[in-house]
Amino acid sequence: MTKTLTRKLANKEHAAVVTYIMGGDGGLDALEEQLLFLEKSGVSAIEIGIPFSDPVADGPIIQLAGLRALKEHVSLEAILTKLQASKVQIPLIIMSYINPIFHLGIPKFVELLQKTPVKGLIIPDLPYEHQTLITPELEGTDIALIPLVSLTSPKERLEEIAKQAEGFIYAVTVNGTTGVRTEFDTHIDSHLAYLKSISPVPVLAGFGVSSIEHVEKFAHVCDGVIIGSKVVQMLHEEKSAELGAFLQKAAEVRIEN
C-alpha cells in the first residue's frame, strides 16, 4: 500500500517543501494556529518536533525552541491529544526521539497517532537495525516510518534502507546538527542524485536549508527540501508575513532533475 505521505510529496513539477516546527514553542494553544498558517503558505507537509531534554541532532535554534516548550510543560501525549482536533488538511509528521515514545508506551503512542492527521514518523535516534521496535505496531496503518540517511552511509546501506523506505527518505545534507548553513559538502549533489536513482519514494534534503537558492539547488537533484531552523526562528520572532512569502516562493520552485 502506497502511503498517503508518499503520494502527497511525489509532485513531478514543483519541489516538495516540508517545514519543521517545535510543538509547544509559543505554548500548546498556538500549535493549531501555526499549522494552519504553514498550510496556507503552501507547504506540502509539516514536521512537528517533540520537546526533549537531550536532543542529540538539534542545533542551537531548535534546542532553544525545545527548552521553551518544556518550560510550558508540553509533552508528546499533550501534543497528540491537541492534534486530534486539528483541521489541517496536509499531512503532519511527528519527529520525536525514542525516549518520549518509550515513556508513553509504543502501543498507546500509535493508537493516539491514528486519531490525528499524522501520516509520518521520524525517530532520529532509532537506528535502522532497531526499527522493529516500532514497525510491528505501524503495520496496517497509513503512518510511514521515515528513514534518515547520512552523507557517510556506504552505498550498500543506502540501498538496503531505500528498499524498505516509506513516506520519503530524509537525506541529511551535513555531518552535524541542524541549523542554518551557507555551504554544503562538495559531493552533496551526486549523493542526492544517487539516492533518487535507487529510491521508490521521494527524496528530500534537510539540515541547513534556509534560502530559495538552497531550494533551487536541491530541486536539481532530488524531490524537495525540509526547512527547520529558519522556520522555527522566524515564528519565534513573529515574522509571519516574511516567512509566509518565503515559503510561498519556495513552493513555486520547479523540479529540474
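A quick note: this is a predicted structure, and the numbers were derived from the prediction, not measured. Every chain is numbered independently, its residues counted from 1 as its sequence is written. Totals for whole chains, interfaces and linings use every residue, but because this is a predicted model, local features are given only for residues with pLDDT of at least 70 and side-chain atom pairs only at 80 or more, for both listing and counting. To get the side-chain values, all heavy atoms of the structure are used, and hydrogens and water are removed first.

**What to know about the packing of helix H4 (residues 76-83) against helix H6 (residues 106-113)**
Okay, step 1: Here the axes come from fitting lines to C-alpha atoms, over the contacting stretch only for helices, and the angles between their N-to-C directions go from 0 to 180 degrees. A run of H or I in DSSP counts as a helix once it spans at least four residues, and a run of E counts as a strand once it spans at least two, with each numbered from the N terminus. In contact at an axis separation of 9 Å, H4 and H6 are set at 25° when each is read in the N-to-C sense. The angle between H4 and H6 falls in the class roughly parallel. In this structure, H4 crosses over H6, and the sense of that crossing is left-handed. For the pair formed by H4 and H6, the contact residues are Leu 76, Glu 77 and Leu 80 on the first element and Lys 108, Phe 109, Leu 112 and Leu 113 on the second.
Okay, step 2: Of the residues in the contact of H4 with H6, the class split is five nonpolar, no polar and two charged. Working rule for angles: under 35 degrees goes down as roughly parallel, over 145 as roughly antiparallel, 65 to 115 as roughly perpendicular, anything else as oblique. Helix crossings fall into two classes, left-handed where the near helix is turned counterclockwise from the far one by less than a right angle and right-handed where it is turned clockwise. Any two residues whose heavy atoms approach within 4.5 Å are treated as being in contact. Residues were grouped as follows: Ala, Val, Leu, Ile, Met, Phe, Trp, Tyr, Cys and Pro as nonpolar; Asp, Glu, Lys and Arg as charged; and all remaining residues, including Gly, as polar.

**Some details on the UniProt feature "active site" (unreviewed entry) in the protein**
Okay, step 1: UniProt positions are given in the numbering used here, feature names are shortened, and annotations may be inferred rather than shown by experiment. The residues that UniProt annotates with the feature "active site" (unreviewed entry) are Glu 47 and Asp 58.
Okay, step 2: Assignment of secondary structure puts Glu 47 in strand S2 (residues 45-49).
Okay, step 3: Judged by relative accessible area, Glu 47 falls into the buried class, the value being 0%.
Okay, step 4: As for its placement among the helices and strands, Asp 58 is situated in the loop between S2 and helix H3 (60-71). Throughout, exposure labels follow a simple rule: accessible area from a 1.4 Å probe, protein chains only, divided by the maximum for the residue type, with under 20% read as buried, over 50% as exposed, and the rest as partly exposed.

**Some words on the packing of helix H8 (residues 155-164) against helix H9 (residues 188-198)**
Okay, step 1: Viewed as axis vectors pointing N to C, H8 and H9 meet at an angle of 40°, and their least axial separation amounts to 10 Å. By the angle between their directions, the pair H8 and H9 is classed as oblique. The two elements H8 and H9 cross, and the hand of that crossing is right-handed. Where H8 abuts H9, its residues Lys 155, Leu 158, Glu 159 and Ala 162 lie against His 191, Tyr 194, Leu 195 and Ile 198.

**Observations concerning the nonpolar core**
Okay, step 1: Membership of the largest hydrophobic core comes to 91 residues, with the highest contact counts inside it found for Leu 83, Phe 109, Ile 134 and Phe 168.
Okay, step 2: Ranked by the residues each element gives to this core, the list is headed by strand S1 (residues 16-22), at six residues.
Okay, step 3: Setting aside chain neighbours within four positions, we find Phe 168 in contact with Leu 5, Leu 9, Ile 93, Ile 122, Ile 146, Pro 147, Val 201, Pro 202, Leu 204 and Ile 226. The definition of a nonpolar core used throughout is a set of buried Ala, Val, Leu, Ile, Met, Phe, Trp, Tyr and Cys residues joined through side-chain atoms within 4.5 Å.

**Re the pairing of S1**
Okay, step 1: Across the seven residues of S1, seven count as buried, placing the element largely inside the fold.
Okay, step 2: Alternating positions in S1 separate into two faces, Ala 16, Val 18, Tyr 20 and Met 22 on one and Val 17, Thr 19 and Ile 21 on the other, with burial throughout.
Okay, step 3: As defined by bridge partners, S1 adjoins strand S9 (residues 224-227) across four bridges and the pair is classed as parallel. Bridging from a neighbouring strand, Val 18 pairs with Ile 226 of S9.
Okay, step 4: Bridge analysis of S1 against S2 gives five bridges, and the strand direction is parallel. Residue Tyr 20 lies in a different strand from S2, and its bridge partner there is Glu 47.
Okay, step 5: For crossovers, right-handed means that the path from the first strand over the helix to the second runs clockwise, given strands pointing away from the viewer. For the crossover that starts at S1, traverses helix H2 (residues 31-40) and ends in the parallel S2, the hand is right-handed. When DSSP finds at least two bridges between two strands, those strands are taken to pair.

**Description of the side chain of His 191**
Okay, step 1: Of note, His 191 is situated in helix H9.
Okay, step 2: For His 191, a relative accessible area of 8% puts it in the buried group.
Okay, step 3: Ignoring sequence-local partners within four residues, the contact set of His 191 consists of Ser 150, Leu 151 and Leu 158.

**Notes on the packing of aromatic side chains**
Okay, step 1: Stacked, edge-to-face and tilted are the three classes for Phe, Tyr and Trp ring pairs, Trp counted by its six-membered ring, which pair at centre distances within 6.5 Å; planes under 30 degrees apart are stacked, over 60 edge-to-face, the rest tilted. Following the criterion strictly, the structure yields three aromatic pairs and no others.
Okay, step 2: Summarising the aromatic geometry, the rings of Tyr 170 and Phe 207 are spaced 5.9 Å apart at their centres and angled 90° between planes, so their arrangement reads as edge-to-face. Taken as a pair, Tyr 170 in strand S7 (residues 169-172) and Phe 207 in the loop between strand S8 (203-206) and helix H10 (212-219) lie far apart in primary sequence, 37 residues in all. Each member of the pair, Tyr 170 as well as Phe 207, is classed as buried.
Okay, step 3: Every member of this aromatic cluster is reached through a ring pair, and the members are Phe 168, Tyr 170 and Phe 207.

**Description of H9**
Okay, step 1: For H9, the complete set of buried residues consists of Ile 188, His 191, Leu 192, Tyr 194 and Leu 195. Buried residues of H9, viewed axially, fall in a sector of 160°; they line one side.
Okay, step 2: Buried-residue contacts for H9 involve strand S6 (148-149), H8, S7, S8 and H10. This arc corresponds to the set of directions leading from the helix axis out to the C-beta atoms.

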